[in-house]
Every structure is written in structure tokens, then in C-alpha cells.
Amino acid sequence: LRAAVAYSWQRLPDGARTVLLRASAFRGAFPRAAAAAVAGADAAALAALVDASLLDLDEDGRYRLHPVVADFARDRLESRPSLAAATLRRHRRWFVSRLAEWRARMGGGPEQRDVVQAFGRELSDLWQAWNEAVAADRAAELYALARTVAMYFELAHRFREGADVLARSEAQLVRSNPAHVAALGALDACWAWHHLRRGSLDAARERARTAVETLSEHGDVE
């Protein structure tokens, strides 16, 4: 399979090759708007990759890379550090730029259920964005990601998986790092709700107290 991918790769024009390298930053399916923002893809480049069987177009209009193609492209992207860094930065910024809209649309209305389900399809890319924000110490982005992803698990009633994600996220942050403080406050607030639902009132109170103290100074205490 890798040999077949390599053959198709060699036949691509340079512009389409660069688009494929950048598209390997996505961990799941992605819409055309994301392809344009992150990979610099126009309709012609996307069509060329689909025609070469290096990119799949789903029925809902989203694109995805076959795992073998994704691995092939990521290997080559990683061999170009400056391009890789710029691509991951664009990937992070695109997903972070949509968080406020997602929170608003998940907050209520007739489309809430559909929006929650659609947001769930972005989790692998949001985790990628989170890791990049941690590495770059992006305080505001970490706070927005923590709030929005926790909101999703709450609305989707995926409490056990949500607790796993909270634990993994918290383990990556350091309370002495000013860039991490607001995000930790958001995670504390989410932990408080989680403990409350499980009937662990003392743990819920302790997390809530910590969240209020942290967010009153570094974030949205409400």
C-alpha cells in the first residue's frame, strides 16, 4: 500500500503534494473550509487528490485521509520541520477559532442535539489542538478548549469518557505555570460537577472551591 501511495505521490504536481502534507495534520474527517485554512487547499488541489485516490470525499462533503496515506504524508511532513510547525499552528488556530461558535450552538436551540453530535466528530483534532496549545503555552486557547470540550461531554452524557479526558488533560498542566492556570480552573469546575453527580460531595466542594478561587482571578468565575 505504501508503494502504491508513493507512486501516486510522485505523479502529483508540487502544489497538490504540499496540500497533502498539510492535510496530514488532521486526525479525522475535515470540511473544505478547514482544508483551505490549514492546508491551503483549493478545489482543484482537493479534486486532484481525490482523483489520485489519496483523499476520500465522504457523503457529507467532508474529506479524510486513509490511515496509510496519512502515515505516509506525516512522515514527509515531519522531515520538513518548518512546514510541520506552521501547519500544526494553523491547525490549532482553526479549531480554536471555532470554539465560541460551538459553545453558543451547543448551548441550546432546535439544532443542539445535531451540533453536539457533530462536535463529537472533531474530538481527535481537538485533542491535537490541545496538545499543540500545551506545547506553546497558549493560555487563552487552553482555557477555551477546556471549557468547550468539557461542555460537550456533559451534553453528550459521556461522563466516564469525559472523566478520562479531564484526567489526561489535567496531567499535562502545571499549576505553577501562569499559562495553565485558567485552564486548570475550568477543569476544576468540570471535576466539581462530575463528583457531584457521583454523590462525592466533599470532593465536589473542594474542586468547586478551587475553581472559584482560580477563575475569579484568571478566568470566568460564573
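Our structure is the block above this text.
Here we summarise the structure given alongside this text. (Residues numbered from 1 in each chain as written. Predicted model: local features only at pLDDT ≥ 70, side-chain atom pairs only at ≥ 80, totals over all residues. Heavy atoms only, no water.)

**A closer look at the packing of helix H6 (residues 81-97) against helix H9 (residues 123-136)**
When two helices pack together, their arrangement is given by the angle between the helix axes and by the axis-to-axis distance.
Moving on, step 1. Orientation of H6 relative to H9, taken along the N-to-C sense of each, is 115°, at an axis distance of 9 Å. Comparing their axes, H9 and H6 come out roughly perpendicular. The crossing of H6 and H9 is left-handed. Residues Leu88, His91, Arg92 and Phe95 of H6 lie in contact with H9, whose contacting residues are Asp125, Leu126, Gln128, Ala129, Glu132, Ala133 and Ala136.
Moving on, step 2. Residues of the contact of H6 with H9, tallied by class, amount to six nonpolar, two polar and three charged. (Axes fitted to C-alpha atoms, helices over the stretch in contact; angles between N-to-C directions. Helix = DSSP H or I, 4+ residues; strand = E, 2+ residues; numbered from the N terminus. Parallel < 35°, antiparallel > 145°, perpendicular 65-115°, else oblique. Left-handed = near helix turned anticlockwise from the far one by under 90°. Contact = heavy atoms within 4.5 Å. Nonpolar A, V, L, I, M, F, W, Y, C, P; charged D, E, K, R; others polar.)

**Some details on the packing of aromatic side chains**
Aromatic ring pairs are described here by two measures, namely the spacing of the ring centres and the angle between the planes.
Moving on, step 1. Applying the stated criterion to the full structure yields eight aromatic pairs.
Moving on, step 2. Ring centres of Trp9 and Phe72 lie 5.7 Å apart, and the angle between their planes is 70°; this geometry places the pair in the edge-to-face category. Of this pair, Trp9 sits in helix H1 (residues 2-10) while Phe72 sits in helix H5 (residues 67-78), and the two are 63 residues apart along the sequence. For the pair formed by Trp9 and Phe72, the shared burial category is buried.
Moving on, step 3. Summarising the aromatic geometry, the rings of Phe26 and Phe30 are spaced 4.1 Å apart at their centres and angled 15° between planes, so their arrangement reads as stacked. (Phe/Tyr/Trp six-rings, centres within 6.5 Å; stacked < 30°, edge-to-face > 60°. Buried < 20%, exposed > 50% of the residue type's maximum accessible area, 1.4 Å probe, protein only.)

**Observations regarding helix H7 (residues 99-106)**
Moving on, step 1. Turning to H7, its buried residues number three or more, namely Leu99, Trp102, Arg103 and Met106. Angular distribution of buried residues about the axis of H7 spans 100°; they occupy a single face of the element.
Moving on, step 2. The inward-facing, buried residues of H7 contact H6, helix H8 (112-120), H9 and helix H10 (139-155). (Arc of directions from axis to C-beta.)

**A few points about the packing of H1 against H5**
Moving on, step 1. Following both chains from N to C, one finds H1 and H5 inclined at 60°, their axes separated by 10 Å at the closest point. In terms of axis orientation, H1 runs oblique to H5. The handedness of the crossing between H1 and H5 comes out as right-handed. Contacts from Arg2, Val5, Ala6 and Trp9 of H1 reach H5 at Val68, Val69, Asp71, Phe72, Asp75 and Arg76.

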